[in-house]
Amino acid sequence: MHKLKAVFWDVDGTLADTEMCGHRLAFNLAFKDFDLDWNWNESKYLELLKTSGGLKRIIHYRNEINSSLSEDQCSKIQERKRFHYKNLIHSGKIKVREGVLRLINELSSFKVEQFIVTTSGRDSLEPFLKTSLSSQLNFFSGIVTYEDVSKHKPSPDAYKLALQLSNKSVKNCIAIEDSIIGVEAAKAANLNCLMTLPPWSSSNKYISKKANACVTSLGNINKPSKIIYGKASISNLVDFEYLTALIN
């Protein structure tokens, strides 16, 4: 039986609903600052999430609508977007998802190493960590962000780097992801993976079938997790015992 020794956490959509309630709003505010008539509604943003990384997302949309914006202008928009995102974080409007704090604390009590593996930039990540996870920051052994790898999710590079930092066998590790491209990145690195659906996603087209299991949330005592597919949870929660079962 394999022992659980490391957990790799995605951020956006996994630790918190930062996508729809954070990044999307910040993009739209930045577009307004530059007098652009762009407005990404939830449906459009779901499509754009297939492109990993904020700047790449802007450039992808620019190409899609045949805009004449230069890459330098796109970079300035992304910089302004970071400003708005930080303000949204500091406002306290973006909360961690159900069961996240419980599981982080539980894994720490079992001496399981935890790493953050995200395609977000460090400038966007740090305000969130300091505001929403300040009491849990010392439970993380390492952080991999957009700047640390040249190829981003669904490329496995970020997870391969996290594995190197952990110095653990893939057999003793699991990633927690919310998106199809995140699951693909984890599986391409030969990692076990749990998919936890973001609160705004109920459609089957946003569910990856490649994860070891898929749940509606990590769950809390008063709001249990529901299994979409995969092994049943005795406690109706994603906990140390359940993650250990998934890697065996």
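Details of the structure are given in the entry above.
Rules of the game
Throughout this document, residue positions are counted from 1 along each chain, in the order its sequence is written. Owing to the predicted nature of the model, reporting of local features is limited to residues with pLDDT of at least 70; listing and counting of side-chain atom pairs is limited to 80 or more, with chain, interface and lining totals taken over all residues. Side-chain calculation: all heavy atoms of the structure are included, whereas hydrogens and water are not. Pairing of aromatic side chains requires ring centres within 6.5 Å, counting the rings of Phe and Tyr and the six-membered ring of Trp. Pairs whose planes differ by under 30 degrees are stacked, by over 60 edge-to-face, and all others tilted. Secondary structure is summarised from DSSP: a helix means a run of H or I of at least four residues, a strand means a run of E of at least two, and numbering begins at the N terminus for each. Charges are assigned to positions over rings by a cutoff of 6 Å between ring centre and Lys NZ or Arg CZ, combined with an angular limit of 35 degrees from the ring normal. A pocket here means an open set of points on a 1 Å grid, computed over the protein atoms alone, that has protein on both sides within 12 Å along at least five of seven lines. A cavity is instead a set of points where a 1.4 Å probe fits but cannot get out; residues with an atom within 4 Å of a point line either one. Grid points are joined across faces, edges and corners, and a volume is the space filled by probe spheres set on the points. Polar here means any residue outside two lists: the nonpolar Ala, Val, Leu, Ile, Met, Phe, Trp, Tyr, Cys and Pro, and the charged Asp, Glu, Lys and Arg; Gly therefore counts as polar. Here the term buried applies to any residue with accessible area under 20% of the maximum for its type, exposed to any over 50%, and partly exposed to those in between, with areas from a 1.4 Å probe on protein chains only. Two residues form a contact once any of their heavy atoms are found within 4.5 Å. Note on pairing: two strands pair once DSSP finds at least 2 bridges between them. Axes here refer to lines fitted to C-alpha atoms; in helices the fit is confined to the stretch in contact. Angles between the N-to-C directions go from 0 to 180 degrees.

Caption draft 1: How the structure looks around the packing of aromatic side chains. Under the defined criterion, the tally for this structure stands at 11 aromatic pairs. Ring geometry for phenylalanine 110 versus phenylalanine 240: centroids 4.0 Å apart, planes at 5°, classification stacked. Here phenylalanine 110, found in the loop between helix H5 (100-109) and strand E2 (113-117), pairs with phenylalanine 240, found in helix H9 (residues 240-246); they are 130 residues apart in sequence, far enough to count as distant. Ring pairing ties together the aromatic residues Phe27, Phe31, Trp38, Trp40, Tyr45 and Tyr61, which thus form one cluster. Above the face of the phenylalanine 27 ring, lysine 81 is positioned so that its terminal group lies 4.8 Å from the ring centre.

Caption draft 2: Representation of empty space enclosed by the protein. As enumerated under the stated definition, the model contains 1 cavity of 30 Å³ or more in all. Along its surface, the largest cavity is lined by Val11, Asp12, Thr18, His23, Tyr85, Ser120, Ser124, Leu125 and Phe128. Sorting the residues of the lining of the largest cavity by element identifies helix H1 (18-33) and helix H6 (122-132) as the ones contributing at least two each. Top contributing element to the lining of the largest cavity by residue count: H6, with 3 residues. Taken together, the residues that form the lining of the largest cavity break down as 4 nonpolar, 4 polar and 1 charged.

Caption draft 3: Up close: helix H8 (residues 180-188). Buried residues of H8: Ile181, Gly182, Val183, Ala185 and Ala186, and no others. On its buried face, H8 is in contact with helix H7 (157-166), strand E4 (173-177) and strand E5 (192-196). Once H8 ends, the next one or two residues include asparagine 190, with phi positive near 65°.

Caption draft 4: Structural context of the sheet that holds E2. Read across the sheet, 7 strands follow the order E3-E2-E1-E4-E5-E6-E7 without closing on themselves; strand pairing throughout is mixed. Sheet topology places strand E3 (140-144) and strand E7 (227-229) at the edges, where each strand pairs with a single neighbour. Ignoring which end each strand starts from, the neighbouring axes of this sheet average 25° apart. Both strand E1 (residues 6-9) and E4 contribute to a ladder of 4 bridges, which runs parallel. Note on E4: the bridge partner recorded for phenylalanine 8 is alanine 175. H5 contacts E1, E2, E3 and E4 of the sheet and is inclined by roughly 155° relative to E1.

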